[in-house]
Amino acid sequence: MTPRPRLIVGNWKMHKTIPEAVGLVEQLAKHLRREPAAPGPPPAQLEIVVAPPFTALAAVASTLATHGLLVGTEGGTSRPGPPSVELAAQDMHWEDAGAYTGEVSPLMLKDLGCRYVIVGHSERRRYFGETDATVRKKVLAALRHGLRPILCVGETWDQRTRNQTESVLAAQLTEALTGVDKDQGTEVVIAYEPIWAIGSGHPATPPQAREAHRHIRARITALWGQETGERVPILYGGSVTAENIGELLAIRDVDGALVGGACLDPAQFARILVVAGSATA
Ligand code: PEP
């Protein structure tokens, strides 16, 4: 089996004005240039994605390009030299256009150069009434437009203590992925984000993450078959730091991370990337 590429996504949430966003990227560029490449053979493949707020996407793209860090500009994932970064949006509407005040369409994200879009983040489910049905429409719309959806799933602490983790994950996956065929499946990214771990400083333990990721892999394999199921990246999200990323990435079915708070600190995000580029599963 070809190893799955490592994927690290920084979710900036509702942080950073345009000048602040540019400053963060400038700092990140500095750190990426300074961080030593890990000794030994180059990593299989490390994909880096940043998800700034909508308002800062254009400025972040042009700052990354200025530093040769945007995918398609200088740089590239093979050593030596700094890696390339892709852009993600944190959400989108499923329609191409229409009377949906305040919404942003997949076409608009494509315009801005986005390759990924986060879909169904628990904060959107919790505060903005996102349901599995709307998440599904967004997943399908993303795929129709050549955007890779990063589908977030995860249980509450209450559900975990009631032994419902697997059934919650199964239901979220089934409902969000119905109608996605196995050819499209290879474009989907799943992010396991236990809600109780997000922003809490208490990540899932390696055994908890291992169990949940194994279960997610089994579900998508049942849905799309072995070949596609093995190719889908499954990210872990929830209080990831430079200190704990190594042990999480050492788990077989953990292919990367969705990083919230820690990605707002460019030095720490750069360290996360270095560990991700060198840790072996
Ligand atoms: C997130 O909200 O996607 C997240 C993982 O946040 P944090 O890393 O801050 O827990």
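About the cut-offs
By convention here, each chain's residues receive numbers from 1 onward along its written sequence. Whole-chain, interface and lining totals are the exception, using all residues; otherwise, since this is a predicted model, local features are given only for residues with pLDDT of at least 70 and side-chain atom pairs are given and counted only at 80 or more. Here the side-chain values reflect all heavy atoms present in the structure, with hydrogen atoms and water set aside. The rule for pairing is simple: two strands pair if DSSP sees at least two bridges between them. Comment: elements are numbered from the N terminus, with helices defined as DSSP H or I runs of at least four residues and strands as E runs of at least two. Here an angle of 0 to 180 degrees is reported between the N-to-C directions of two axes, which are lines fitted to C-alpha atoms, with helices fitted over the stretch in contact. Any two residues having at least one pair of non-hydrogen atoms within 4.5 Å are treated as being in contact. The nonpolar core is taken to be a set of buried Ala, Val, Leu, Ile, Met, Phe, Trp, Tyr and Cys residues, with the residues joined through side-chain atoms within 4.5 Å. Only protein chains enter the area calculation, which uses a 1.4 Å probe; residues under 20% of their type maximum are buried, those over 50% are exposed, and those in between are partly exposed. Computed over the protein atoms alone on a 1 Å grid, cavities are sets of points where a 1.4 Å probe fits but cannot get out and pockets are open sets with protein on both sides within 12 Å along at least five of seven lines; a residue lines them when it has an atom within 4 Å of a point. Grid points are joined across faces, edges and corners, and a volume is the space filled by probe spheres set on the points. When residues are grouped by polarity, Ala, Val, Leu, Ile, Met, Phe, Trp, Tyr, Cys and Pro land in nonpolar, Asp, Glu, Lys and Arg in charged, and all others, Gly among them, in polar. In a helix, the anticipated span is given by 1.5 Å times the number of residues less one. Handedness is read with the strands pointing away from the viewer; a crossover is right-handed when the path from the first strand over the helix to the second is clockwise. Think of a polar contact as two N or O atoms within 3.5 Å of one another; within protein, one of them needs to be a possible hydrogen donor and the other a possible acceptor, and neighboring residues in sequence only count if both atoms come from side chains. Whether a residue is near a molecule or strand depends on its heavy atoms: if one lies within 4 Å, it is near. Any carboxyl oxygen of Asp or Glu that lies within 4 Å of a side-chain nitrogen of Lys or Arg is treated as forming a salt bridge with it.

### A word on the sheet that holds strand E2 (residues 46-51)
With parallel pairing, 8 strands are arranged side by side around a closed barrel as E1-E2-E3-E4-E5-E6-E7-E8. Pairwise comparison of adjacent strand axes, ignoring direction, gives a mean angle of 25 degrees for this sheet. Note that strand E5 (residues 148-153) and strand E6 (residues 189-192) share 4 bridges and pair parallel. Paired with Val-153 across the two strands is Tyr-192, which belongs to E6. Taken strand by strand, helix H2 (residues 57-66) contacts E2, strand E3 (85-89) and strand E4 (114-119), and its axis lies near 180 degrees from that of E3. Packed onto the sheet, helix H9 (residues 206-224) meets E5, E6 and strand E7 (234-237) and runs at close to 150 degrees relative to E7.

### Let's talk about the nonpolar core
Counting residues in hydrophobic clusters, the biggest one holds 70 residues, and the most contacted among them are Ile-8, Leu-177 and Ile-190. When residues of this core are assigned to their parent elements, the largest contribution, 6 residues, is made by helix H1 (residues 18-34). In contact with Leu-177, not counting residues within four places along its chain, are Val-139, Leu-151, Val-188, Ile-190, Ile-220, Leu-223 and Trp-224.

### Quick word on the layout of surface pockets
What the largest pocket holds in volume is close to 480 Å³. Around the largest pocket, the lining is made up of 17 residues, and of these Met-14, Gln-90, Asp-91, Arg-124 and Phe-128 lie nearest the centre. In terms of residue count, the dominant contributor to the lining of the largest pocket is helix H4 (residues 122-128) (4 residues). Of the residues that constitute the lining of the largest pocket, the class distribution is 7 nonpolar, 5 polar and 5 charged.

### A short note on helix H12 (residues 266-278)
Across its 13 residues, H12 extends 18 Å between first and last C-alpha, which sits within 8% of the 18 Å expected from 1.5 Å per residue. Listing the buried residues of H12 in full gives Pro-266, Gln-268, Phe-269, Ala-270, Ile-272, Leu-273, Ala-276 and Gly-277. Packed against the buried residues of H12 are strand E1 (6-11), H1, E2, helix H11 (245-249) and strand E8 (256-259).

### Quick word on the side chain of Thr-165
Mapped onto the secondary structure, Thr-165 falls in helix H7 (residues 165-177). The buried category is assigned to Thr-165, whose relative accessible area is 10%. If we ignore the near neighbours within four places in the chain, the residues touching Thr-165 are Glu-155, Gln-159, Arg-160 and Tyr-192.

### Describing the pairing of E4
In terms of burial, E4 is largely enclosed, as 5 of its 6 residues are buried. Bridge count for E3 against E4 is 3 bridges, and the pairing is parallel. For Leu-87, the partnering residue across the bridge sits in E4 and is Cys-114. For the crossover that starts at E3, traverses helix H3 (residues 106-111) and ends in the parallel E4, the hand is right-handed. Sheet topology note: the E4/E5 ladder contains 4 bridges and is parallel. Residue pairing across strands places Val-119 opposite Leu-151, the latter belonging to E5.

### Comments concerning H2
Of all the positions in H2, only Leu-57, Ala-59, Val-60, Ala-61, Thr-63 and Leu-64 are classed as buried. The secondary structure elements touched by the buried residues of H2 are H1, E2, E3, H3 and E4. Looking one or two places after H2, you find Gly-68, whose phi comes out positive at around 65 degrees.

### Some details on the side chain of His-121
Here His-121 lies in the loop between E4 and H4. A distance of 3.2 Å separates a polar atom in the side chain of His-121 from a polar atom in the side chain of Glu-193. Residues in contact with His-121, not counting those within four places in the same chain, are Asn-11, Lys-13, Cys-152, Glu-193 and Ile-198.

### A few points about the environment of Tyr-192
Position of Tyr-192 among the secondary structure elements: in strand E6. Separated by 62 residues in the primary sequence, Tyr-192 and Val-254 place their C-alpha atoms 9.2 Å from one another. Dropping the residues within four chain positions of it, Tyr-192 is found in contact with Val-153, Gly-154, Glu-155, Arg-160, Thr-165, Leu-169, Ala-212, His-213, Ile-216, Leu-235, Tyr-236 and Gly-237.

### Let's talk about the site of the ligand
Near the ligand lie 15 residues; those nearest to it are Lys-13, His-121, Glu-193, Gly-199 and Ser-239. Within the side chain of His-121, a nitrogen or oxygen atom sits 2.8 Å from an oxygen atom of the ligand. The side chain of Glu-193 places a nitrogen or oxygen atom 2.8 Å from an oxygen atom of the ligand. Taken together, the residues of the shell around the ligand sort by class into 4 nonpolar, 8 polar and 3 charged.

### Looking at the pattern of salt bridges
Within the structure shown, the criterion is met by 17 salt bridges. One salt bridge connects Arg-115 with Glu-187, and the closest N-O pair in it is separated by 3.0 Å. With a gap of 72 residues between them, Arg-115 in strand E4 and Glu-187 in the loop between helix H8 (182-185) and E6 connect regions that are remote in the sequence. Here Arg-115 falls in the partly exposed class, since its relative accessible area comes to 26%. Its relative accessible area of 27% is what places Glu-187 among the partly exposed residues. The residue Asp-158 makes a salt bridge to Arg-162 at a minimum N-O spacing of 3.0 Å. Asp-158 sits in the partly exposed class, given a relative accessible area of 41%.

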